[in-house]
Amino acid sequence: QVQLVESGGGLVQAGGSLRLSCAASGNIFSINAMRWHRQAPGKQRELVAGITSGGTTNYADSVKGRFTISRDNAKNTVYLQMNSLKPEDTSIYYCNVRATRRGSLVPSESWGQGTQVTVSS
């Protein structure tokens with residue numbers, strides 16, 4: 001299974017910015033989609049942003065214009081730049097990738113352990 005290590009979460013005031021990173025490792029042959037999800041207490045996990053291997057991006061309506069997803073294919077890393085943060089962005093953020101390992105014929109989904117983002121008002 002592909003291992004994902006997330007970093008960059010923390011506490012920030014409303015209006016501030018944070019940048020999340022997620023590095024993938026584990027004998028990777030190729031990475032297709034890379035995504036960020038979030039889950040607040042008592043709520044379902046939701047897709048925040050995704051990016052394909054070709055660089056096509058998609059965003060939840062709630063973060064459009066404020067968040068930017070990007071990836072560095074040489075480093076197998078995906079980023080989430082979060083600007084103009086709001087208290088309602090407070091959640092645990094999870095990285096998710098769809099990747100194919102060397103020697104495997106099919107891709108599989110992997111998830112990170114999550115990183116806490118807290119936005120104070």
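Refer to the structure presented above.
Nothing here was measured: the structure is a model prediction, and the numbers come from that model.

Basis of the calculations
- Residues numbered from 1 in each chain as written.
- Predicted model: local features only at pLDDT ≥ 70, side-chain atom pairs only at ≥ 80, totals over all residues.
- Heavy atoms only, no water.
- Pairing = 2+ DSSP bridges.
- Helix = DSSP H or I, 4+ residues; strand = E, 2+ residues; numbered from the N terminus.
- Axes fitted to C-alpha atoms, helices over the stretch in contact; angles between N-to-C directions.
- Polar contact = N/O pair within 3.5 Å; in protein donor to acceptor, adjacent residues only side chain to side chain.
- Contact = heavy atoms within 4.5 Å.

Overview of the sheet that holds strand E1 (residues 3-7)
Turning to step 1, where the next piece is worked out: Sheet architecture is open: four strands sit in the order E1-E3-E8-E7, paired in antiparallel fashion. With one partner strand each, in any of the chains shown, E1 and strand E7 (67-72) form the two edges of the open sheet. When strand polarity is set aside, the average angle formed by the axes of neighbouring strands in this sheet is 15°.

Considering the side chain of aspartate 89
Turning to step 1, where the next piece is worked out: Along the chain, aspartate 89 turns up in the loop between strand E8 (77-82) and strand E9 (91-101).
Turning to step 2, where the next piece is worked out: Within polar-contact distance, the side chain of aspartate 89 engages the backbone nitrogen of lysine 86 at 2.8 Å.
Turning to step 3, where the next piece is worked out: If we skip the residues at most four places from it in the chain, aspartate 89 touches Arg38, Arg66, Phe67, Ser84, Val117 and Val119.

Brief notes about the environment of glycine 16
Turning to step 1, where the next piece is worked out: Structurally, glycine 16 can be placed in the loop between strand E2 (10-13) and strand E3 (18-25).
Turning to step 2, where the next piece is worked out: In sequence terms glycine 16 and lysine 86 are 70 residues apart; their C-alpha atoms lie 8.3 Å from each other.
Turning to step 3, where the next piece is worked out: Ignoring sequence-local partners within four residues, the contact set of glycine 16 consists of Met82, Asn83, Ser84 and Leu85.

As far as function goes, none of this settles anything; it's purely spatial.
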